[in-house]
Amino acid sequence: MLQTQKVRLTDYLDERSEYLTQFAEEANAEIDQIGENALKELDEAGARSRMQAFEESVEIEESEKKVADFEGQIEKERNEGLFFKNLGENEPVVKAKAREETERIEQVTKKSAGSVIRRNIYLGLIGLVVIGIVDASTSSTSDWRKV
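Conventions adopted
Residues numbered from 1 in each chain as written. Predicted model: local features only at pLDDT ≥ 70, side-chain atom pairs only at ≥ 80, totals over all residues. Heavy atoms only, no water. Helix = DSSP H or I, 4+ residues; strand = E, 2+ residues; numbered from the N terminus. Buried < 20%, exposed > 50% of the residue type's maximum accessible area, 1.4 Å probe, protein only. Areas by Shrake-Rupley, 256 points an atom, 1.4 Å probe, with all protein chains shown as cover. pLDDT = per-residue confidence, 0-100. Patch = residues over 30% accessible without salt bridge, like charges linked within 9 Å, V, L, I, M, F, W, Y side chains within 5 Å. Salt bridge = Lys/Arg side-chain N within 4 Å of Asp/Glu carboxyl O. Lys, Arg positive; Asp, Glu negative; His and termini not counted. Charge placed at Lys NZ, Arg CZ, Asp CG, Glu CD.

S.K.: Looking at this structure, how should I read the overall build of the protein?
M.R.: Looking only at helices and strands, the protein has three helices and zero strands in total. Seen in sequence order, the protein has helices and strands lined up from the N terminus as α-α-α. Put simply, the protein has 147 residues, and 1% of those count as buried. Looking at the protein as shown, the accessible area adds up to about 13,900 Å², and 59% of this sits on carbon and sulfur atoms.

Here it is in structure tokens:
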């Protein structure tokens, strides 16, 4: 009977050992799969960031090229005298714009003059409130229940 129980116990332990071994192998396989997936995702993210950096560098180069072309065009127009010719031809338009601007400035000045008076009134009222607070705090007694 003791021998039979030893055999059963040994069989049970062997069976559990196989089960645990199989479970550990499956867990290792899952961990390896998770690691591989993470590496693939990191590689993809790195490739995307490199692609974005490349696209941004291409955009920067295009912008620099446009700026260089524009500067070249301005230099060419200056050399041909067109730049200064255009300034002279638009003189009546510039004078009209200057008149409009002076009228706007006068209107804004009139509006702000009203706000200066209002500001001074508010400052005076704030000063009266501050004086009242200071007076109340200096002349009050230490008994706060009477307040």
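S.K.: Is there a simple way to explain the confidence of the model for the protein in this structure?
M.R.: Interpretation of the predicted coordinates at a detailed level should be avoided for regions scoring low in pLDDT. Looking at the protein as a whole, the pLDDT averages 82, with 83% of positions reaching at least 70. Considering each helix and strand of the protein separately, the mean pLDDT is smallest for helix H2 (residues 82-89), with a value of 56, and largest for helix H1 (residues 2-80), with 89.

S.K.: Could you clarify how one ought to interpret a negative patch on the surface in this entry?
M.R.: Residues Glu 55, Glu 56, Glu 59, Glu 61, Glu 62 and Glu 64 make up a contiguous surface patch of negative charge. Following the sequence through the fold, Glu 61 ends up in helix H1.

S.K.: Quick question: what am I supposed to make of the pattern of salt bridges here?
M.R.: Opposite charge on two side chains makes pairing possible when the charged atoms of those side chains draw close. Summed over the entire model, instances satisfying the criterion amount to two salt bridges. Its salt-bridge partner being Glu 101, residue Arg 104 comes within 3.3 Å of it at the nearest N-O pair. Remark: Glu 101 and Arg 104 occur in helix H3 (residues 91-139); sequence separation between them is three residues, near one turn of the helix. Note on Arg 104: relative accessible area 48%, which makes it partly exposed. If you follow the salt bridges from partner to partner, you end up with Glu 100, Glu 101 and Arg 104 in one network.

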